[in-house]
Amino acid sequence: MSKIIVLMGAPGAGKGTQARLIQERHGLPQISTGDIFRALAKSDSPLAQEVREVQAAGKLISDELVIRVVRERTEQEDCRGGYILDGFPRTTGQATMLETIAAEQGHEIVAILVDVPFDQLEKRATGRRTCPVCGEIYNIYFKPPQNDNVCDLHPETQLTHRADDTSDKIKVRLAEYEKQTRPLLDYYQGSQRLHRVDGTRDTDAIYADIAKIVTGQ
Ligand code: AP5
Ligand code: MG
């Protein structure tokens, strides 16, 4: 049966980094709700303005909107053989709706927690820089680009720093995670669908564990 890989983890845990590797090496599309809404926020509309404000504040976007976007995206042709959800579900309402979506689409849900203690997350988030062209994720402390603030693959392009990657916004995001998202770990654990990987190691070691889960080995 094809799989929906639900990548879970606190803000800055490494979901996006790992999702990009799975996409590249297993051909499953990465669906990052954070990326989708950051792209939407760039347009000029009242909805874009609202999304921009909610994201910049580190709060969660409404279930109704997020679910609509995920449903639409996962109904596209490239998701037929399964897909990776990076940053969804984040609330009980979203998790419930994902059960319906998975059943309708004929996929099984496999949840993977990239587990990193809170005290290691601040540097990961404040140090993150992203290439706006290819989405490559860097970190000024742990994975700096070869040349200052430009992408290795797109040297003409300055890396970007997210509006919510500041110390005070990370506190808000962690509090949202604790309150709204952490209960989902018990939810998936209770139905034997949760796999935990130690996210404090280097990227390749984490990926090696994830690859085994994705391929069912
Ligand atoms: P989203 O974009 O999903 O942000 P997040 O969950 O806070 O997670 P991040 O993207 O910050 O971290 P990540 O785990 O992807 O880590 P990364 O790989 O980049 O959501 C943002 C906002 O959008 C939300 O606050 C909300 O407003 C809205 N939103 C999104 N989804 C929603 C939903 N479902 N419902 C409601 N609202 C929603 O890595 C982080 C850094 O660490 C990088 O610099 C990286 O290089 C580095 N790093 C990665 N792995 C390692 C490693 N092993 N060792 C050292 N450094 C590492
Ligand atoms: Mg991310």
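See the structure shown above.
Since this is a predicted model, take the numbers as computed values, not measurements.

S.K.: Quick question: what am I supposed to make of the packing of helix 2 (residues 33-41) against helix 4 (residues 63-74) here?
M.R.: The packing of two helices is summarised by the inter-axis angle and the distance between the axes. Close contact between helix 2 and helix 4 brings their axes to 11 Å; oriented N to C, the two are set at 105°. Looking at the two axes, helix 2 sits roughly perpendicular to helix 4. Contacts between helix 2 and helix 4 involve Thr-33, Ile-36 and Phe-37 from the first element and Leu-65, Val-66, Val-69, Val-70 and Arg-73 from the second. In terms of residue class, the contact of helix 2 with helix 4 is built from 6 nonpolar, 1 polar and 1 charged.

S.K.: When you look at the packing of helix 5 (residues 92-105) against helix 8 (residues 183-190) in this model, what are you seeing that I'm missing?
M.R.: Close contact between helix 5 and helix 8 brings their axes to 10 Å; oriented N to C, the two are set at 30°. Two packed elements cross with a definite hand, and for helix 5 against helix 8 that hand is right-handed. Packed against helix 5, whose contacting residues are Thr-92, Ala-95, Leu-98 and Glu-99, the element helix 8 presents Leu-184, Tyr-187 and Tyr-188 at the interface.

S.K.: Teacher, can you tell me more about the site of ligand 1 here?
M.R.: Not every one of the 33 residues close to ligand 1 is listed here, only the nearest: Thr-17, Lys-59, Arg-90, Arg-128 and Arg-173. For ligand 1, an oxygen atom lies 2.6 Å from a polar atom in the side chain of Arg-173. For ligand 1, whose free accessible area comes to 1,000 Å², the fraction covered by protein is 95%. Mapped by element, the contributors of at least two residues to the shell around ligand 1 are helix 1 (15-26), helix 2, strand 6 (137-139) and helix 9 (203-215). Residues of the shell around ligand 1, tallied by class, amount to 11 nonpolar, 11 polar and 11 charged.

Cut-offs applied
- Residues numbered from 1 in each chain as written.
- Chains lettered and ligands numbered in written order.
- Predicted model: local features only at pLDDT ≥ 70, side-chain atom pairs only at ≥ 80, totals over all residues.
- Heavy atoms only, no water.
- Axes fitted to C-alpha atoms, helices over the stretch in contact; angles between N-to-C directions.
- Helix = DSSP H or I, 4+ residues; strand = E, 2+ residues; numbered from the N terminus.
- Parallel < 35°, antiparallel > 145°, perpendicular 65-115°, else oblique.
- Contact = heavy atoms within 4.5 Å.
- Nonpolar A, V, L, I, M, F, W, Y, C, P; charged D, E, K, R; others polar.
- Left-handed = near helix turned anticlockwise from the far one by under 90°.
- Near = heavy atom within 4 Å.
- Polar contact = N/O pair within 3.5 Å; in protein donor to acceptor, adjacent residues only side chain to side chain.
- Areas by Shrake-Rupley, 256 points an atom, 1.4 Å probe, with all protein chains shown as cover.

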